[in-house]
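# Fold and geometry: a report
Residue-level listing of the chains:
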Amino acid sequence: HTKINQEEGRFAGWAGDPDWKPTNSSEMFISPSLASQYILSFSAHEDGMFAGAAHGFMRLETHNFMIIDDQLIRMGFDDFFSELYLALPSITELVRDRVGREYADRFERELDADDLIIIREALPSDGSIFKNFLITPTGITLLYPQGELFAHAAGAFGADLSFDELRQWLKPSGPHTY
């Protein structure tokens with residue numbers, strides 16, 4: 001965890017404004033986890049604020065590795081699946097369902113037709129929604145930072161997919177078997 005604050009003097013021209021506060025800062029969090037003795041996943045999450053900005057920023061990266069013979073071998077989402085292009089529509093529907101439930105719970109209401117359209121547009125079935133994921137002992141967690149899917153005020157979202165529900169598309173001897 002690191003925190004960077006920029007010096008107030010850099011914004012001296014704003015110092016006469018009674019509403020201005022030196023809020024230019026950034027924080028970085030790195031969270032490693034072992035899904036098994038052979039799989040390492042970690043996320044790097046940065047958020048911060050620029051002085052004068054309407055709201056802060058958030059950046060998220062995830063990295064997943066196989067540990068083989070004391071070496072790290074980077075894994076992509078497609079490394080788990082036999083024919084990912086055939087599975088994408090069905091897996092995307094699972095993700096839409098999970099995110100839709102989280103959205104409905106967060107706003108304490110049932111999803112209406114407009115909400116379903118928004119979710120469908122935010123989560124296209126072209127594979128682009130699978131870039132930030134972590135491997136857990138029981139499945140894959142997809143992460144969507146604040147502002148990526150919906151309005152910034154809606155917050156961050158995630159979707160947990162178990163290996164059991166993904167089984168029909170997984171490679172028989174894929175990384176999840178280690």
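The structure under discussion appears in the preceding block.
Residues numbered from 1 in each chain as written. Predicted model: local features only at pLDDT ≥ 70, side-chain atom pairs only at ≥ 80, totals over all residues. Heavy atoms only, no water.

## A look at the pattern of salt bridges
- Under the criterion given, the structure shown has 7 salt bridges.
- R120 is the salt-bridge partner of E93, the closest N and O atoms lying 3.2 Å from each other. Of this pair, E93 sits in helix α1 (residues 84–106) while R120 sits in helix α2 (residues 113–122); the two residues are 27 residues apart in sequence, bridging distant segments of the chain.
- Taking relative accessible area as the criterion, R120 reaches 46% and is therefore assigned partly exposed.
- Here E102 makes a salt bridge to R106, at a shortest N to O gap of 2.6 Å. Placement of the pair is E102 and R106 together in helix α1, with a separation of 4 residues, close to one helical turn.
- Its relative accessible area of 24% is what places E102 among the partly exposed residues.
- For R106, a relative accessible area of 32% translates into the label partly exposed. (Salt bridge = Lys/Arg side-chain N within 4 Å of Asp/Glu carboxyl O. Helix = DSSP H or I, 4+ residues; strand = E, 2+ residues; numbered from the N terminus. Buried < 20%, exposed > 50% of the residue type's maximum accessible area, 1.4 Å probe, protein only.)

## With respect to the environment of R74
- For R74, the position within the fold is in strand β5 (residues 71–74).
- Placed 10 residues apart in sequence, R74 and N64 show a C-alpha to C-alpha distance of 5.9 Å.
- When residues no more than four places from it in sequence are discounted, the contact partners of R74 are T62, H63, N64, F65 and D79.
- Polar side-chain contacts of R74 include one of 2.5 Å to the side chain of H63. (Contact = heavy atoms within 4.5 Å. Polar contact = N/O pair within 3.5 Å; in protein donor to acceptor, adjacent residues only side chain to side chain.)

## Focus: the packing of aromatic side chains
- Under the defined criterion, the tally for this structure stands at 10 aromatic pairs.
- Taking the centre distance of 6.2 Å and the plane angle of 25° together, the rings of Y103 and F157 count as stacked. One end of the pair, Y103, is in helix α1; the other, F157, is in strand β8 (residues 157–162), with 54 residues separating them in the sequence. Here Y103 and F157 have matching classes, each one buried.
- On the numbers, 5.0 Å between centres and 75° between planes, the contact of F150 with F157 is edge-to-face. The burial state of F150 is the same as that of F157; both residues are buried.
- Among the aromatic residues, ring-to-ring pairing joins F77, F81, F130 and F133 into one connected group.
- For R106, the ring lying beneath its charged end belongs to F157, and the centroid distance is 4.0 Å. (Phe/Tyr/Trp six-rings, centres within 6.5 Å; stacked < 30°, edge-to-face > 60°. Lys NZ or Arg CZ within 6 Å of the ring centre and 35° of its normal.)

## Here we look at the sheet that holds strand β6 (residues 133–135)
- Taken in spatial order, the 3 strands line up as β6-β7-β8 in an open sheet, and their pairing is antiparallel. In this open sheet, the two edge strands, each paired with only one partner strand, are β6 and β8. Pairs of neighbouring strands in the sheet enclose a mean axial angle of 20°, with direction left out of account.
- Across 3 bridges, the pairing between β6 and strand β7 (residues 139–144) is antiparallel. Across the sheet, residue F133 finds its bridge partner in β7, namely L142.
- Along the sheet face, α1 touches β7 and β8 and points at about 135° away from the line of β8. (Pairing = 2+ DSSP bridges. Axes fitted to C-alpha atoms, helices over the stretch in contact; angles between N-to-C directions.)

So far we have only geometry, and geometry alone does not tell us how the molecule works.
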